[in-house]
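# A look at the structure
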Amino acid sequence: YPFTGMMKHSMPWKQANDPAKWADMTCRYVIAHLKLKVKRIFLYSDHCYNHMMRPPSFPVLLGADGYPHPVFSAFSNMAWLLEDRPFVKELKVGKHVWAYIFAGRGKSVAVITGWADGEYSVQKNGKFKCLDLFGNRINGKVSYKGKIFYVVSNLKVDQLASELKN
């Protein structure tokens, strides 16, 4: 079972999961619901803890040891970027890649997402910044590699959409 967190560093079991993949899938799930205009989403983070050698049934934001899972960090970043910014527009930006644009609080945020084999890249310019799944700034040319990333801008929705299509 995919144990993570502090116990991962002190117990001799093999890490059996890809935390970034779990983080990406969780954020995709929530973003898809926000795109459908769902107002509130509650992730039921844990259930059925018995002891440390038996994993819980539904860990989401926490690892089996009770410490924050990397999903927690990605979810926090997504919430920070999209809270109070309703979904406004969807556009295809590349082969099997789309931008879901959310706007509000003086900014437009595009979630770049798609299929695992999607092809899309965007050049850095002064009109927006790119952030990875966890909120780390990405400098230079950014290529879609099967995991979502964010484009944050002060541009209006249509202006950002135009920049993303070029």
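This write-up is about the structure you can find in this document. (Residues numbered from 1 in each chain as written. Predicted model: local features only at pLDDT ≥ 70, side-chain atom pairs only at ≥ 80, totals over all residues. Heavy atoms only, no water.)

This part covers the overall build of the protein. Helix and strand content of the protein: four helices and seven strands. Counting from the amino terminus, the protein carries its helices and strands in the arrangement α-α-α-β-β-β-β-β-β-β-α. In the protein, which comprises 166 residues, the share counted as buried stands at 42%. As displayed, the protein has an accessible area near 9500 Å², and 56% of this comes from carbon and sulfur atoms. (Helix = DSSP H or I, 4+ residues; strand = E, 2+ residues; numbered from the N terminus. Buried < 20%, exposed > 50% of the residue type's maximum accessible area, 1.4 Å probe, protein only. Areas by Shrake-Rupley, 256 points an atom, 1.4 Å probe, with all protein chains shown as cover.)

This part covers the packing of aromatic side chains. Using the criterion set out here, one finds three aromatic pairs in the structure. With a centroid separation of 6.2 Å and an interplanar angle of 85°, the aromatic rings of Phe87 and Tyr100 are classed as edge-to-face. Note on Phe87: relative accessible area 13%, which makes it buried. The class for Tyr100 is buried, based on a relative accessible area of 16%. Relative to Trp115, the ring of Trp98 lies with its centre 6.5 Å away and its plane at 50°, an arrangement referred to as tilted. Of this pair, Trp98 sits in strand E1 (residues 87-104) while Trp115 is found in strand E2 (residues 107-119), placing the two residues 17 residues apart along the sequence. (Phe/Tyr/Trp six-rings, centres within 6.5 Å; stacked < 30°, edge-to-face > 60°.)

Turning to the environment of Val109, a few remarks are in order. Within the secondary structure, Val109 sits in strand E2. Considered as a pair, Val109 and Tyr150 are 41 residues apart in the sequence and their alpha carbons are 6.7 Å apart. Setting aside its immediate chain neighbours within four residues, Val109 contacts Leu81, Leu82, Arg85, Tyr100, Ile101, Phe102, Tyr150, Val151, Val152 and Leu160. (Contact = heavy atoms within 4.5 Å.)

Turning our eyes to something else, we now look at the nonpolar core. In this structure, Cys27, Ile31, Met78, Leu82, Val111 and Tyr150 are the most contacted members of the largest nonpolar core, which totals 22 residues. Elements that contribute at least two residues to this core include exactly helix H2 (19-35), helix H3 (70-82), E1, E2 and strand E7 (149-153). Here this core gets six residues from one element, more than from any other, and that element is H3. Setting aside residues up to four positions removed in sequence, Cys27 forms contacts with Ala74, Phe75, Met78, Leu133, Ile148 and Tyr150. (Core = buried A, V, L, I, M, F, W, Y, C linked by side-chain atoms within 4.5 Å.)

Reading across from one edge, E1-E2-E7-E4-E5 is the order of the five strands in this open sheet, with antiparallel pairing throughout. The open sheet has two edge strands with one neighbour each: E1 and strand E5 (137-138). One ladder, built from five bridges, connects E2 with E7; its direction is antiparallel. The residue of E7 that forms the bridge with Ile112 is Phe149. Strand contacts of helix H4 (residues 157-165): E1, E2, strand E4 (128-131) and E7, with the helix running at about 165° to E1, the strand carrying the most contacts. (Pairing = 2+ DSSP bridges. Axes fitted to C-alpha atoms, helices over the stretch in contact; angles between N-to-C directions.)

Among the secondary structure elements, Arg85 is positioned in the loop between H3 and E1. Although buried, Arg85 forms no salt bridge, and the nearest oppositely charged side chain, Asp84, lies 8.5 Å from it. Polar side-chain contacts of Arg85 include one of 2.6 Å to the backbone oxygen of Leu81. A distance of 2.8 Å separates the side chain of Arg85 from the backbone oxygen of Gly104, its partner in a polar contact. (Lys, Arg positive; Asp, Glu negative; His and termini not counted. Salt bridge = Lys/Arg side-chain N within 4 Å of Asp/Glu carboxyl O. Polar contact = N/O pair within 3.5 Å; in protein donor to acceptor, adjacent residues only side chain to side chain.)

Positive charge collects at one region of the surface, where Lys107, Lys124, Lys129 and Arg137 lie side by side. Turning to its location among the elements, Lys124 is positioned in the loop between strand E3 (121-122) and E4. (Patch = residues over 30% accessible without salt bridge, like charges linked within 9 Å, V, L, I, M, F, W, Y side chains within 5 Å. Charge placed at Lys NZ, Arg CZ, Asp CG, Glu CD.)

Between H2 and H3, the least distance of the axes is 8 Å, while the angle of their chain directions is 30°. If you check the angle between H2 and H3, you find them roughly parallel. Considering the relative orientation of H2 and H3, their crossing is right-handed. Where H2 approaches H3, its residues Pro19, Trp22, Ala23, Thr26, Cys27, Val30, Ile31 and Leu34 are matched on the opposing element by Pro70, Val71, Ala74, Phe75, Met78 and Leu82. Of the residues contributing to the contact of H2 with H3, the split by class is 13 nonpolar, one polar and no charged. (Parallel < 35°, antiparallel > 145°, perpendicular 65-115°, else oblique. Left-handed = near helix turned anticlockwise from the far one by under 90°. Nonpolar A, V, L, I, M, F, W, Y, C, P; charged D, E, K, R; others polar.)

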